[in-house]
Each structure stands twice: as structure tokens, then as C-alpha cells.
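# Commentary on secondary and tertiary structure
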Amino acid sequence: MPEDGIHESKPLGGGGLPRTITFTADETSGAGGNQRTPHLRNLRTFPSREAPRAVLSIPDKSEKTNVETLSEGTADDKAKNVDITEHLLSLTEVCDKFSVQANADHPQDSFGLSASQASDLLARNGPNTLTPPKKKSSWRKFLACLTSLFNLMLIAAGILEYILLGIDYKNNKANIYMGAILIVVAFINAAVEWWQQRKSENTLAALLKMIPAKTHVIRERRLESIQSADVVAGDVLFLRMGDKIPADCYVFSSSDLKVDNSSLTGESEPQERGAGNTMRNPLEATNLAFNGTLAVSGEAYAIVVRTGDSTVLGQIAGLTAGEEKAQSPLNHEIAIFVRIIASVAIFTAAVFFIAGMALYKDFPFAINFAIGTFVAWVPEGLPATVTMLLTIAAKRMAAENVLVKDLQGVETLGAITLLATDKTGTLTRNQMTVCNVWANGIMYAATRGHNDMGEPIGDVTAAGIREVLYTSALCRSVKFDRTDVSMDKRQLLGDATESGLVRFAGMRLGDEFDELLPRHAKVFEIPFNSANKWMLSIHRLPHASGALTLLIKGAPERVLRLCSTILSGGAAVPLTDAQRTQYDETYEYMASQGHRVLAFAQLQLDGSEYPDGYAFDRKKENYPAGGYTFVGLTSLEDPPKHGVREAIGRCRSAGIQVMMVTGDHPLTAEAIGRKINLVLGETREGVAKRTGRAVEDIGEDEFDAVVIHGERIADMTDDDWDVVFRKPEVIFARTSPKNKLEIVARAQSLGHICGVTGDGVNDSPALKKADLGIAMNESGSDVSKEAASMIILDDNFASIVKGIEEGRLIFANLKKSIRYTLTHSTPEVIPQILYIIVPLPPMITSIMILVIDLGFEILAALTYAWEPAESANGLMKLPPRKPVTMRSIAQLRARNARQPQVPIDPATGKPIQETHAARILRTLRAPFTKVWWQDLTEKTEGEILVDGDLLSWSYLEAGLISTISLVVVFFVILNHHGISPKQARLMAKATGEDYFNKDSPDYTYNGRLFTGEDQFYALNEARTGVIFSIYILQVFNLFICKARFRLPFGKFMFRNVRTFYGFTAGLLLLVFITYIPPLNSVFNSSYKSIPLYWLIAVGFGFLLLAYATARMLVLRKSRPIRWNPTIDGLHMHPTVWSTRHTTRSIEVTA
């Protein structure tokens, strides 16, 4: 259908906004055909926006182009990664190239390929399918999970246990269990991660359908239905409305074929395809139809010129293969934390091994002590806890129709600072809907509740309204899947614009709609084409002077040019200047809303000149070519999806910058943006118009919104990009796949954690490049789903907001879980230090540490997966955890500048890949460089997973209180058995004697004899008290860590009932290993332990609670919570339609 009133000629290589406006004969000078400046009237449809807007201070480098040179091309086809040239050939040349016989005059009689030809070509070139991306084998994936640093540390510790067992078997029998447990835990961690990845991939595989099942081809003059995978180059295809085109093909015969290229190029309007072409760029060629696109109207015959990976679909999909997937923020932070913990553990173990050798000169003792210290530092259960927390969150999101392919994507969605979204099919429904009708001099609002000016349509027989409805119903090419149901339940097969008009007419006319065409039969038709920009039909619609009526609809300026009268008061009256002025004003208003505008006209044919049965002939042009009666204007828009406005509003309230990246027209994109909370402020042009100043005089600080044309992206400097991303409201229009890639890369270079949503093939490179690619399932292409990390199963954009909130919640809960889990490290490490330095009897053994880390700690830590937010909307009022500010950008650039430059291969221009050995060597050298320490100690913007506050609480504050508690419990229990702290130290320090074992020599103290068994059981009972002390303090800590913004009191502490299940299960585990006597020898526990001593730990628990409360009060004063500022103008109440008037917005800063 026609464009919005302006005849645009697209640049040959770009596919973006045209550089020129084409003119008809009466709009150009006569002699020489030189192009002149257009009249203001011709440009009123887009006031003050005659040319592509110069956004910010970027100069407009567009040059005026002569109309006659438009078909010669102005861009490099290779930039599109498309190598098709057949569109420049004649049918004979194409037939010769592919050895096929085709008949342009009678295409149904074409011979096509022979069966033997097709068979040979299929065997030689392979099936017509897209090659799936290369994937690692299951074994390699499992091995990758197993060789993570955490798991390698556990395996190394387990191997050391067995080495020690081999050195001294008698005194290290417990190492049999220790080594096995450590190694098994590493395998369990890897298995959990691998299984979840495999499950997600299998779910995704069930969703993807790479190619349509059946295709009609002509072979040996027979029309056959074959598998699309069996289509070969040279096949003659029969395409009809509703078919998904299986390969790139050369159209040589067409009957009003239109294809929907929106999933490939981003164009929302169907494109006409037929024989003949004047365009050089294959993506704009009118005789090519591409694999993966949809035939929405008409039928055609075409010759296949590319199949499989050679198609445009395959070549654009290939862009995704070259894009490296960025490491998720969570992966990055966990990797840093693991490296730090590993370094500390290894360094500490080495230091205490040396200390043990220096003090005791006993290698088995020193190595055992070093392993104990190493095991105490490493939170063995953390990888499994993190993976299971993310898995549980992913299942919760699946229930909300959000499929997570990568577990880390759950948290990444909550961390994004910028969400770049496609428009067609993502924000909008890809359904044209009538908004306004102007007829008989009256503006009508077509949809109830719409904020456009105009009165509601009441009487459908009103002058002008009836004619618009009849023209929409009769002058059409749309088909229905069925007519025995109401209009709202029918599937319309045709282009979106005409479908919108037909649905509008059907809903308004009711049962009369289906009776119109049989009653008023069509006797002649001229289909819409890009040359005429209108569609004409003649029907048996009787009137006072005859039986036939001509109906026409199309581009307003084209239709108006054919009219001499206008419908006013129910009668045709001559067009006056006042009526033309009213027409101009109405057209200007409709176009300024970003709507597609169509004009309607009619002519009641005189029966004496055109009697019923008159033979109209298109070639003879024996139909009236002017003198029509102008009926009115209708505007249509592609409406936003339900809930999109509120979803974008919530994103912006959460401090996330939302920008639109679309292939559509800038004005359309801006108009949609204003309806969905994406654009609230004024653009530079808007400020200029309001203040009456020139556009170039408007300063950068005077406007908040910018609309960037894709053609300008290549000319933008680094400073231009900085200015763009500083604006709170940004739209990129007329973008290509490479433009989208550059936008994502530029955003990431500023430190943005970038999420990209999309459903088309043209979105897939950016989806893969982004930190989190989000594809749509129902409307999305197969390639986009493969490239994305997350798929919205119900295509509901609002589900993304739920995902963001879930991502923020899982990050908060992960942090709480780690904060809780790390707290037990200090009470595990300090007893090891006291054991060798003071020395004291070993308060805790390695097997006990594993019971803590892999026993009750995992059970309790996992309950955070179900922990609700502290307040209903609190998480979405906080800024992103890594906001992008001027300071963060400067810091990031300074950090990048001091990094060593990656060498470039002069032959390919690509970075030289570092060998594995060189990478390991560089990693080992890093801690000895100034840059490494500078990066490590530099204070960064925002919040990280494991920060100083978390480490301070876990290792120093709560960790020390827990340590003091266990030391007190330990010595109280020993004292109960008659061994004072002083005596315990003397016994541990005694040289030449080994006390506290069953076979230890007797020890006499204050006249009391302590046999070896007495010493052994007293120590084990004290150790049992220690492990219960750690458990009790951790139960208090479990609740304290729930409070991030509030005091650790109130009902919110008890909303998660699984918390009680977790610590109860942990208690049962401890009771089990304590009071089952056979297990005492394995776990160094004692069934004689008295619970009375646990009350000491309970007292320290309340002390910890009081300390946490005081700490929170101090932090509220010293480091208050920074909430996002309120954004003025956001419309958050749900409505079917949404618009807003221009207001200024407040830029969200962190």
C-alpha cells in the first residue's frame, strides 16, 4: 500500500531513509528535467522535517541525487554481505545459467528441471537447509564445567589428601573419605551445571523449525509438492499467498505478489515483487524473493537462485557466527571472586606449610595442616549453590513464559543498564489499525479511548463514512481463511495496511460486509503498484445516473490529483482553496502522528457512456482517468502490544535506558516511542519549532530525545556516540544488521550491560553480540532464537520486566547467600591457625569442615532461591547495579588504555589469537604487575556481587563473633571434663608426646588421671560443641542476611517458609552424625554431647543480631540508599491506546 504521502526512493545500497524525494512531472522543471526545490505544499505531511533529521550536531552529509540516476545505485552491495547478481539478468540468461526451461507468457506450462537434473543437483549441493551452528559435544561441555577453577581446586585438594594418605596411612585414614568427598563434590558441581545446560538446549531444539515443510515446484511440466529441503537451484517454484518462501528466487511472472520482509530487513510494509527490476542492490530488487520471507498476497512463479547457506538468510545468519559471546557480568564477577579466594587459599596454605615445617619439621603434619587451611578457605558448596539458585530462578521464569538458554542470563537480565529493542513485532503487533477518518470536513476517531482529536464514529451511513467503509470493503485484494465466523475471529491473508482497512470496515458494517461483494460484483480492477500508488476497482454499485461506480484508494497526493470535486454534505461539490487548505492541515496532523495516510475517492459512472457490461481494458485505458470525487482520508498505525507502555515505563523507572533500534521510518518510530513511554522529552526539531529558532541554534542541553538515522551511523565520531548515549531517550531508525551490531558494541564500550530484543533475522547478529539477547518465540525467526540467550515464549514484551525484576531479585538473593555462606570461613580458618601458632588442640577437622560446607550450609543457602523481595517494588526503584555515568566511562577508558595492546595480524587485520600456554603465563605474571594491582584496588561505580561490605561482614564482623562463640564453647566443654584452657595448650605444646588420641599416653593434672580415651572423647565432645556453635550462629546469620535495606526484624524475615525447612534439615543432619555412634569415628563427633552447652552459642547469636541492628542504623546514616529519581510524564495506567503530549523528562542518573 502507499507510503505516508511522500514518494520515497530508497538508496540502492542502504535500505534506509531516502536521500531524495521523487517528483512527478508537474513538480519538476520542464526542459532538461532538472530537479528543483520542492514546494512547501508537497512537504507538509512532515512539517519542518523535509529531509532526514540532523541529529545532535552531526552534519547531514546527504547529497541531492537526480531522479534519473536512482536506479544506478549509491552504496556498496558487499556491505550487505549479499552476493546475488541474478536480479540484473534477463530471464533467458537466468535460464541458461541454471539449465532450466521457463515460460514467461504461460508460466504454468514451464518445463522446469527434469527429475534427473534435480536429483544430481541435490546430491552435488546438498539439501536446502541452514547449517546449524557448531556445537561442542556433551563430553566437552561436561569437561568445560569440570575444569572450572573452583572444581579444579577441589580435585587438587582431594588428590593431595590421597598423597598424604600414601605418606602416612596410619595417622591419615580419614583422608580416604576426605579425598573422595572433595573429588565427588567437584563432579557433582560440574554435573549440575552440565545437566541444566543440556536441558535448556533440548527445550530450545523443540522450538526451532529451520525450514518450511512443503513447497510447490514445476518439474517436467508437472506441479509437485516436495519437501523444502529437496529444493535445488534452478527449480521453478509456484508461490502463493501464505507460503513461506523456501529459497532465494528470481520472480519471472507475478500476479500482485507481495512479500513480508520484516523478519529479514525490518520493513513493516509488504513489498511488491514481479518480473523486471531497475535496482542494483539485491535487497531492493523487485524481482527477488528471499528465503524465510512470507508471501502475503498474490501468486508468482520464480526460479531458485540460491539455497541453504548461500541464501541471504544464511549469509545474514552467518554474521552471528563471527560474533563472540560476551561473558556475562555474573560469570565475570564469580570468576574474579574465585581467583581471589583461590589465590588467598593457596597463599595461606603455602605459608602455613612453611610455618609447620619450620616449627615442627614434620612433613606429613605440615602438609595435612596446609590442606586443612586450604579446605577451610574454599567454599566448596558455592558453585553448586549458585547453579541451583539460578536453576530454580530459571524454572520460575519458565512458568512466566520466559525460556532461559543460559543460566547466567537470569541474572544478566537484572543487571542490564540499556535495553535496545526492535519495533516491528516486538513493541508493536505488526498489525495496521485504523485511527482516524476525515470525511465530509469532519475528523473522526476510529477507536474508542484514542486520544487523537475527533469525534467517535456513530452512524455508519453518515456522508463520507459510508463511502470510506464501502471502498475499504469492495476495493480490496485481502482474502479470508473462512467467512462463517465473525470478523474478529478471521485470519486475513494480505498486507497489513489493507488488512487493517478491511477489518475496520468489517467490524463497522457487521453482517452487511459479507453481502457487499456478492451484491456489488467487481467488474474491473487495477491492483496497487509502486508506480501508481493507488488501487482502483469498478463495481456494480448502482446510482441515479448508472449501474457502475469507480472506487479508488491510495497515496493522498496521488488520489487528490485525480479529483476535481469533493464529497461535502452528501453531494459532490467543486474543490475550493479552503477545502484544499483543510485537507493539507488534516494530512499534516495525521502524518505528524507517524500514521500511514490513505485517501479515498469515487466516481459514479454515467450509464450512457459506461453501461452495465462495458468491457474495461487496462491496456487500452478505457476507464476514467480523472474527474473523481474526493471522499476523505484515513490514517492507520501499527499499534503497540498490550502492556508494552507500562513495561517500558517500569524499565525506565528502574534506571534502565530503553532505546528503539528499528528499520522503520524515523517519524513512525518516534510516534510509536511517544505512545509507549520511550520518548517523553522534546527533540531538537521540536524545541526549534516551539521557540521559533533554527535547528542548528539549539544547544545539546535543551532537548532530551534524539532520533538517529541509520545512514549517519557510519559518519558518527566517538564524541557523537558519547553525546547520543548521554541522552535519556534515543531512537535509531532505518538501521541495518551491521548498524545494530555497531550500536551494541558502542554501548558496551561505554560500560553498558546491553540487552537486545528482536524477532527478525536482521536482529540476530546484535542478539548474539549483546550481553543478553532476547528473542520472540511466536513471531521470531529461527536464527534470532538460536542467537539469543533468552526467548519470550508468548511474545509478551511485558514478560521482560518480570525477568528484570527476577534478575535483580536473584542477584540480591545470590549476594545474601554468598554473604551467609562465607561467614563460616573465619570460624573454620582461625582454629587451624590457633592449632599451629598457639598451639591448641585441633578444634575442627577437615571432615567437619566438609560437613559444614556441603551439609547444612548448602541446605540453608539454597533457601534464598525462594526469598521474596524485602518490599513489593523496592528492587525496581533502585538504579542498575552497575550504572553508566561520566565517571564510570572515564574510569573504563583509563583502564582499557593501560592494558597491553593486542597484536594485529597485518594480513587479515584481525587480532592474533593468544596460545593457551601464553595465556597461562600472562595470568601467572599478572599479580606481579602494577596494572593488575591498580585494576584490583580501583574503586568502581555501582555494586558488585562480592564487595568490601560483604567481605567485611562475612570474614571480619560476623565471622569473628562466630569464632569467639566456638572458642568459648570449646573451652567450656573441655573444662567440664577437667581440662582448663591453659592445660589444653600445654598438652598440645608438649614435645615428644601426642595427646588427645585413643592411644595417647596418660596425662595427670591436679591429681586427676586422663587416659588416652578420656582425652579423645573430651576433645570430640568439644568439637561437637564447636560444629553446633557454628550451626547456631549461622541460623541467626541466615535471618540477618535477609535484611539489606531494613532492620533484621519484622514479618518479612519469616515469609520464606523454606528457610525453616533448610535449617531444620541442617539440624537433623548434625543430630544424625552426632547421635549415631558408628558415625562418630568418621566425623570426629560424640554422642555424649550435652545440648545445654549450645545455649552459649544462642547467646552469641542474639549478640550477633544486636550488632547487625546497630550496624544497619550506622550505615543508614553514613551510606543512605540511593533511589532512582521520579521520571515526569510516564503513563503507567493500562489502556488499549496510549499517546502523550510533549513534556520534558528528567534524566535518570545513578
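Residues numbered from 1 in each chain as written. Predicted model: local features only at pLDDT ≥ 70, side-chain atom pairs only at ≥ 80, totals over all residues. Heavy atoms only, no water.

An unreviewed UniProt entry lists the protein under the name Cation-transporting P-type ATPase N-terminal domain-containing protein, from Coemansia pectinata.

This part covers the overall build of the protein. Regarding its fold elements, the protein presents 36 helices and 31 strands. Within the span of the protein, comprising 1150 residues, buried residues form 55% of the whole. When contacts within the protein are restricted to residue pairs at least 6 apart in sequence, long-range pairs at least 24 apart make up 73% of them. (Helix = DSSP H or I, 4+ residues; strand = E, 2+ residues; numbered from the N terminus. Buried < 20%, exposed > 50% of the residue type's maximum accessible area, 1.4 Å probe, protein only. Contact = heavy atoms within 4.5 Å.)

Moving on, we get to the UniProt feature "transmembrane region" (unreviewed entry) in the protein. On the UniProt side, "transmembrane region" (unreviewed entry) is annotated at positions that read residues 142–164, 176–195, 336–360, 847–866, 953–974, 1060–1080 and 1092–1114 here. End-to-end, the C-alpha atoms of residues 336–360 are 35 Å apart, and along that stretch the chain is 100% helix and 0% strand. Annotation note: span residues 1092–1114, helix share 91%, strand share 0%, distance between end C-alpha atoms 35 Å. (UniProt positions renumbered as here; feature names shortened; annotations may be inferred.)

Read across the sheet, eight strands follow the order S10-S29-S28-S27-S11-S24-S26-S25 without closing on themselves; strand pairing throughout is mixed. In the strand order of this sheet, the two ends are held by strand S10 (402–404) and strand S25 (705–709), each with one partner. In this sheet, neighbouring strand axes are inclined to one another by 20 degrees on average, regardless of whether the strands run parallel or antiparallel. Bridge analysis of S10 against strand S29 (residues 790–792) gives three bridges, and the strand direction is antiparallel. Paired with valine 402 across the bridge in S29 is isoleucine 792. Of the strands in this sheet, strand S11 (418–421), strand S24 (657–661), S25 and strand S26 (729–733) touch helix H21 (residues 718–726), which is tilted by about 125 degrees from S26. Set on the sheet, helix H22 (residues 737–749) makes contact with S11, S24, S26 and strand S27 (754–758); between it and S27 the angle comes to about 160 degrees. (Pairing = 2+ DSSP bridges. Axes fitted to C-alpha atoms, helices over the stretch in contact; angles between N-to-C directions.)

This brings us to a nonpolar patch on the surface. Taken together, Ile159, Leu160, Ile163, Ile167 and Phe363 make up a surface patch of nonpolar side chains, about 420 Å² in accessible area. Among the elements that make up the nonpolar patch, the one with the highest residue count is helix H5 (residues 149–167) (four residues). In this fold, leucine 160 is placed in helix H5. (Patch = residues over 30% accessible without salt bridge, like charges linked within 9 Å, V, L, I, M, F, W, Y side chains within 5 Å. Areas by Shrake-Rupley, 256 points an atom, 1.4 Å probe, with all protein chains shown as cover. Salt bridge = Lys/Arg side-chain N within 4 Å of Asp/Glu carboxyl O.)

Per the stated rule, a full pass over the model turns up 29 aromatic pairs. An aromatic cluster is present here, built from Trp139, Phe142, Phe187, Trp194 and Trp195 joined pairwise through their rings. Above the ring of phenylalanine 703, the side-chain terminus of lysine 727 is found at 4.0 Å from the ring centroid. The ring of tyrosine 1017 is capped by lysine 1088, whose NZ or CZ atom sits 5.3 Å from the centre of that ring. (Phe/Tyr/Trp six-rings, centres within 6.5 Å; stacked < 30°, edge-to-face > 60°. Lys NZ or Arg CZ within 6 Å of the ring centre and 35° of its normal.)

Okay, the environment of glutamine 431 next. One can find glutamine 431 in the loop between S11 and strand S12 (433–439). In this structure, the C-alpha to C-alpha distance between glutamine 431 and leucine 636, residues 205 residues apart in sequence, is 9.6 Å.

With 13 residues, helix H26 (residues 825–837) extends 18 Å between its outermost C-alpha atoms, agreeing within 8% with the 18 Å of an ideal straight helix rising 1.5 Å per residue. Along H26, the positions that sit buried rather than exposed are Ser825, Thr826, Pro827, Glu828, Val829, Pro831, Gln832 and Ile836. (Expected span 1.5 Å × (residues − 1).)

Moving on to unusual backbone geometry. A cis amide bond links valine 838 with the next residue in sequence, proline 839, at an omega value of -10 degrees. With respect to the helices and strands, proline 839 occurs in the loop between H26 and helix H27 (846–862). Look at asparagine 440: it is not a glycine, yet its phi comes out positive at around 55 degrees. By the secondary structure assignment, asparagine 440 is in the loop between S12 and strand S13 (442–445). Despite not being glycine, aspartate 795 shows a phi value in the positive range, around 60 degrees. Summarising the element assignment, aspartate 795 is placed in the loop between S29 and helix H25 (798–822). In this structure aspartate 795 comes out as buried when scored by relative accessible area, which is 8%.

Where strand S20 (residues 563–568) and strand S21 (residues 571–574) come together, four bridges link them in antiparallel fashion. Paired with threonine 565 across the strands is proline 574, a residue of S21.

Let us now look at the packing of helix H11 (residues 382–398) against H27. At their nearest, the axes of H11 and H27 sit 10 Å apart, and the two run at 25 degrees to each other. If you check the angle between H11 and H27, you find them roughly parallel. Two packed elements cross with a definite hand, and for H11 against H27 that hand is right-handed. Mapping the contact onto sequence places Thr385, Met388 and Leu389 in H11 and Ile858, Ala861 and Leu862 in H27. Residue composition of the contact of H11 with H27, grouped by class: five nonpolar, one polar and no charged. (Parallel < 35°, antiparallel > 145°, perpendicular 65-115°, else oblique. Left-handed = near helix turned anticlockwise from the far one by under 90°. Nonpolar A, V, L, I, M, F, W, Y, C, P; charged D, E, K, R; others polar.)

In this section: the environment of proline 911. Take proline 911: it is sitting in the loop between helix H28 (886–897) and helix H29 (916–925). Residue classification places proline 911 among the partly exposed residues on the basis of a relative accessible area of 46%. A sequence separation of ten residues divides proline 911 from glutamine 901, and the C-alpha atoms of the two residues are 9.8 Å apart.

Under the definition given, this model contains 37 salt bridges. The salt bridge partner of lysine 553 is glutamate 498, with a shortest N-O separation of 3.1 Å. Of the two residues, lysine 553 is situated in strand S19 (residues 549–554) and glutamate 498 in helix H14 (residues 496–509); the sequence distance between them amounts to 55 residues. When its relative accessible area of 2% is taken as the criterion, glutamate 498 is described as buried. Between lysine 1042 and glutamate 867 there is a salt bridge, with its nearest N and O atoms 2.5 Å apart.

If you trace the backbone, threonine 1024 turns up in helix H33 (residues 1012–1040). With relative accessibility at 0%, the residue threonine 1024 sits in the buried group. Along the backbone, threonine 1024 and tryptophan 1094 are 70 residues apart, and their C-alpha atoms lie at a distance of 10.0 Å. In contact with threonine 1024, other than residues within four places in its own chain, are Met848, Thr1074, Asn1084, Ser1085, Ser1086 and Ser1089. One polar contact links the side chain of threonine 1024 to the main-chain amide nitrogen of serine 1086, over a distance of 3.0 Å. (Polar contact = N/O pair within 3.5 Å; in protein donor to acceptor, adjacent residues only side chain to side chain.)

Another point: the confidence of the model for the protein. Put simply, the protein has an average pLDDT of 80, and 85% of its residues get 70 or more. A low-confidence stretch, residues 1–80 stays under pLDDT 50, and its non-local contacts, those more than four residues away or across chains, total 180 contacts. Predicted confidence for residues 1135–1150 stays below pLDDT 50, and this span has 62 contacts to residues more than four positions away or in other chains. (pLDDT = per-residue confidence, 0-100.)

Here the focus is the side chain of serine 825. Within the element layout of this structure, serine 825 appears in helix H26. Those residues within four positions of serine 825 in sequence are excluded, and the remaining contacts are Ala376, Trp377 and Tyr955.

Relative to the helices and strands, threonine 963 is located in helix H31 (residues 948–976). Sequence-distant contacts of threonine 963, that is, excluding residues within four places in its chain, are made with Thr826, Pro827 and Ile830.

Once that is clear, we can look at the pairing of strand S3 (residues 214–219). With six bridges joining them, S3 and strand S4 (residues 222–227) adopt antiparallel strand pairing. Looking at S4, one finds that valine 217 is bridged to glutamate 224. In this antiparallel pair of consecutive strands, S3 and S4, the connection spans two residues, and glutamate 220 shows a positive phi of 55 degrees. With two bridges connecting them, S3 and strand S5 (residues 236–240) associate as antiparallel partners.

One can describe the packing of H11 onto H25 by two numbers: an axis separation of 11 Å at closest approach and a directional angle of 155 degrees. The angle between the axes of H11 and H25 places the two elements in the roughly antiparallel class. Crossing handedness for the pair H11 and H25: right-handed. Across the interface between the two elements, Leu382, Thr385, Val386, Leu389, Leu390, Ala393, Arg396 and Met397 of H11 pack against Gly803, Glu806, Ile810, Leu814, Ser817 and Ile818 of H25.

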